[in-house]
Amino acid sequence: MRIRPGRLEDSAAINRAGLRINTRVRPEAMVVAEEEDGSVLGFAYIFRSNMHPSRYWATVRVREERRREGLGTRLISEVAKERQVQAPFYFRGRENDPAVKWLKSLKGREFQTSPPMELPLTDERNQEWFRHLPGAPAGVDVVPASALSQETILEAFLDTYRWVHEQWSRPASREYVASVYGPDLQDDLDQDISSFAVRGLGTPEQEVLAGIWSFHESLTTLDAVGESVLEDDPDADQLVAAVLNRTVAAAAEKGFEALNLDGYATDRHMYPLERSAPTVTGTGLVWIEYDPPEA
Ligand SMILES: CC(C)(COP(=O)(O)OP(=O)(O)OC[C@H]1O[C@@H](n2cnc3c(N)ncnc32)[C@H](O)[C@@H]1OP(=O)(O)O)[C@@H](O)C(=O)NCCC(=O)NCCS
């Protein structure tokens, strides 16, 4: 067995070995473990996203019959030698993924979680809870996306994105986040179900205070992100509840059955609110950072 540098051209041999590889990524470094006859036993690659460059996304896969021989750990050590900066590696996956045990052996540190956050809209107890969500504070209107300009919606999104990610996965630049999410917001945002809390609507002082940006995940489920635009707005809890109030009503009216709030445990206002709903479903995700072991 040997470990050698790899390239995406190895993907055919990797697939023949029964291992999946995503050929759309551009790895910064890649290694392949193979037998003398060229049959692949495993591979690893790393890359950094331009948007969140402080850690490497690392993928490693070992053939099932060759697991627990130290190969996964060795592949990670080898691929780490080729990295351009001494940044740690990270994994994002389900809390019950068997890989989490492997990451524990590498002293992985959990740095973020996304607990289940799907609100079934047809659930009777949820419907009762929705009815008791507050409206906006005095002087604030809650309006659909169609009442605002594309630019206003994007700017509010970028402000919100910044504080939501600041502490644990700092975005490289506002411009980069805009270039990634701007087209989706323009083309795919549901103009009616997305809701915004706005002070001074239509005036030169108009200010967006909170929002829920909603997208169609399927014919029955919406994918959404929502928070206050400023982390420490004194009215943030009420503002976030008020936009949720409008969004669940608009979504139910259009026949959607679930609203999947795609957020994090550190979302200061939306997460505690959504957690207090009677019925919350979905799958939790965990983010684990680790330092690749020295070879
Ligand atoms: C995760 C994976 C890469 C581990 O590869 P591996 O070669 O089996 O891992 P190692 O032999 O280096 O394991 C080192 C230690 O991790 C722990 N570990 C690894 N797999 C484990 C498992 N399934 N259950 C419990 N502990 C595990 C053990 O402590 C192990 O040491 P031990 O065998 O002496 O007890 C492999 O299981 C795999 O390819 N899984 C599918 C793809 C995947 O989930 N990749 C990871 C994220 S991209």
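Everything numeric here is computed off the predicted structure, so don't read it as measured data.

A.B. asks: Even after reading the chapter, I still don't get the sheet that holds strand β10 (residues 207–216), so can you show me in this structure?
C.D. replies: What links the strands of a sheet is backbone hydrogen bonding, and the strands pair in either a parallel or an antiparallel sense. With respect to topology, six strands assemble into an open sheet ordered β7-β12-β11-β10-β9-β8, the strand pairing being mixed. The sheet is open, and its two edges are formed by β7 (118–120) and β8 (140–144), each paired on a single side. Geometrically, the sheet is characterised by an average inter-axis angle of 25° between neighbouring strands, direction not taken into account. The sheet contact formed by strand β11 (residues 221–228) and strand β12 (residues 258–261) spans four bridges and is parallel. Bridging from a neighbouring strand, L222 pairs with L259 of β12.

A.B. asks: Hey, could you run me through the domain arrangement of the protein chain in this one?
C.D. replies: Where interface size is given, it is often the accessible area lost as the parts come together that is meant. Domain assignment breaks the protein chain into domain 1 (2–113) and domain 2 (118–279). Placing the centre of domain 1 and that of domain 2 at their C-alpha centroids yields a distance of 35 Å. Taken together, the contact between domain 1 and domain 2 spans eight residues of the former and 14 residues of the latter. Interface area, domain 1 with domain 2, both sides summed: about 940 Å², of which 55% is carbon and sulfur. On the domain 1 side of the contact with domain 2, M51, H52 and Q112 bury the most area, a combined 62% of that side's loss. Where domain 1 packs against domain 2, one counts zero salt bridges. Remark: the boundary between domain 1 and domain 2 carries seven residue pairs in polar contact (both at pLDDT 80 or more).

Rules used throughout
- Residues numbered from 1 in each chain as written.
- Predicted model: local features only at pLDDT ≥ 70, side-chain atom pairs only at ≥ 80, totals over all residues.
- Heavy atoms only, no water.
- Pairing = 2+ DSSP bridges.
- Helix = DSSP H or I, 4+ residues; strand = E, 2+ residues; numbered from the N terminus.
- Axes fitted to C-alpha atoms, helices over the stretch in contact; angles between N-to-C directions.
- Domains from an automatic or database assignment.
- Contact = heavy atoms within 4.5 Å.
- Buried area = accessible area lost by both parts, 1.4 Å probe.
- Salt bridge = Lys/Arg side-chain N within 4 Å of Asp/Glu carboxyl O.
- Polar contact = N/O pair within 3.5 Å; in protein donor to acceptor, adjacent residues only side chain to side chain.

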